[in-house]
Amino acid sequence: ISTAWDETKAIIARDGKLLAAVALALVALPQTVMAVIGMPVGPEAKPAASLTYIAVILIGLAAQVALNPLAIGPSTTVGGAIGRGFARLLPLIGAFILFGIVLVLVLMLVAVPLGATGAITIPARGQQPSPGLILIMLFLLAVGFAIFQLSIPVAAAEPGGPIRLLKRSWQLSRGAYLRLLGFVIFVFSGIITVGLAVRSVVASLVILALGTPS
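In this text, all values refer to a predicted model and were calculated from it rather than measured experimentally. Along each chain, the written sequence defines residue order, and numbers are assigned to residues from 1. In keeping with the predicted nature of the model, local features appear solely for residues at pLDDT of at least 70, side-chain atom pairs appear and are counted solely at 80 or more, and the whole-chain, interface and lining totals rest on all residues. Hydrogens and water are ignored here; the side-chain numbers use all heavy atoms of the structure.

Asks: I'd like to hear about the nonpolar core, residue by residue, with values.
Replies: To form a nonpolar core, buried Ala, Val, Leu, Ile, Met, Phe, Trp, Tyr and Cys residues must be joined to one another through side-chain atoms within 4.5 Å. Summary of the burial criterion: residues with accessible area below 20% of their type's maximum are buried, those above 50% are exposed, and those between are partly exposed, where the area comes from a 1.4 Å probe applied to protein chains only. Membership of the largest hydrophobic core comes to 16 residues, with the highest contact counts inside it found for V65, L92 and L165. Elements with a minimum of two residues in this core: α2 (47-72), α4 (89-117), α5 (131-148) and α6 (151-157). The helix count covers DSSP runs of H or I at least four residues long, the strand count covers runs of E at least two residues long, and both are numbered beginning at the N terminus. No other element matches α4, which puts five residues into this core. In contact with V65, not counting residues within four places along its chain, are R84, G85, R88, L92, I152, A155 and A156. Any two residues having at least one pair of non-hydrogen atoms within 4.5 Å are treated as being in contact.

Asks: How would you sum up α4? Please name residues and give values.
Replies: Here α4 spans 42 Å end to end across 29 residues, near enough to the 42 Å set by a 1.5 Å rise per residue. Along its buried surface, α4 packs onto α2, α3 (78-87), α5, α6 and α7 (162-173). Each residue after the first adds 1.5 Å to the expected span of a helix.

Asks: Quick one: what's the story with the environment of P30, residue by residue and with numbers?
Replies: Mapping P30 onto the fold places it in helix α1 (residues 2-37). Excluding anything up to four places from it in sequence, P30 contacts L24, A25, V56 and I59.

Asks: Lay out the pattern of salt bridges in plain terms, naming residues and giving numbers.
Replies: In the sections that follow, a salt bridge refers to a side-chain nitrogen of Lys or Arg positioned within 4 Å of a carboxyl oxygen of Asp or Glu. This model, assessed by the stated rule, comprises three salt bridges. Taken together, the shared-partner salt bridges in this structure form one network comprising E158, R164 and R168.

Asks: If you had to explain the packing of α4 against α5 to someone new, which residues and values would you point to?
Replies: Working note: a packed helix pair is described by the angle between its axes plus the distance between those axes. Every axis corresponds to a line fitted to the C-alpha atoms, with the helix fit spanning only the stretch in contact, and the corresponding angles, defined between N-to-C directions, vary from 0 to 180 degrees. It is at 10 Å that the axes of α4 and α5 come closest, and there the two elements cross at 145 degrees. Note on packing geometry: the crossing formed by α4 with α5 is right-handed. Across the interface between the two elements, A95, F96, F99, L103, V106, L107, V110, A111 and L114 from α4 touch L133, I136, M137, L140, L141, G144, F145 and F148 from α5. Any residue outside Ala, Val, Leu, Ile, Met, Phe, Trp, Tyr, Cys, Pro, Asp, Glu, Lys and Arg is labelled polar, Gly included; the first ten of those are nonpolar and the last four are charged. Across the contact of α4 with α5, the residue classes break down as 16 nonpolar, one polar and no charged. By convention the crossing between two helices is left-handed if the near helix lies anticlockwise of the far one by an angle smaller than a right angle, and right-handed if it lies clockwise.

Spelled out as structure tokens, the structure:
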């Protein structure tokens, strides 16, 4: 993790402006549009909100691919990175779909025998899953995500379709699962901590300036 952190700082120092430009175009701007339109929640959700939500997700995936060439190299432009992100979007979506199918199949292979023996309870339609089933789902997601996360840089750096992305991600992650999982936990914990701190500070400033909201 410390090595990854040091290399990340060096990349930001070298190409920070390019990274910021791509992030503003493909992450900040779509998220701002989504915040204005509103999340598609409930039966009264507007079609425009649903379509925008899907578009934001797809643009976010393209952004993940676009940011990787700037870090991996060789040197490229903002336009080149964004073009690479959208060019590799369809194979990445296909890999996500295949990944989801595999996860569901593995979950069924594990949960059905355990449910038959009474070790866990498989919920009926409309019921909440049991704690045992939730733990199995979380474990499979953690294992799968640590392996699958490398498919995004693979999509940025190499050619090939969805199956190729999953196979290369599996090869690259072999023997490094715990380090990959630890890095993901480290990054997400930092994001959550910073986000909560920023929200707390901003909320305090707003209350001081405008009073407690009613």
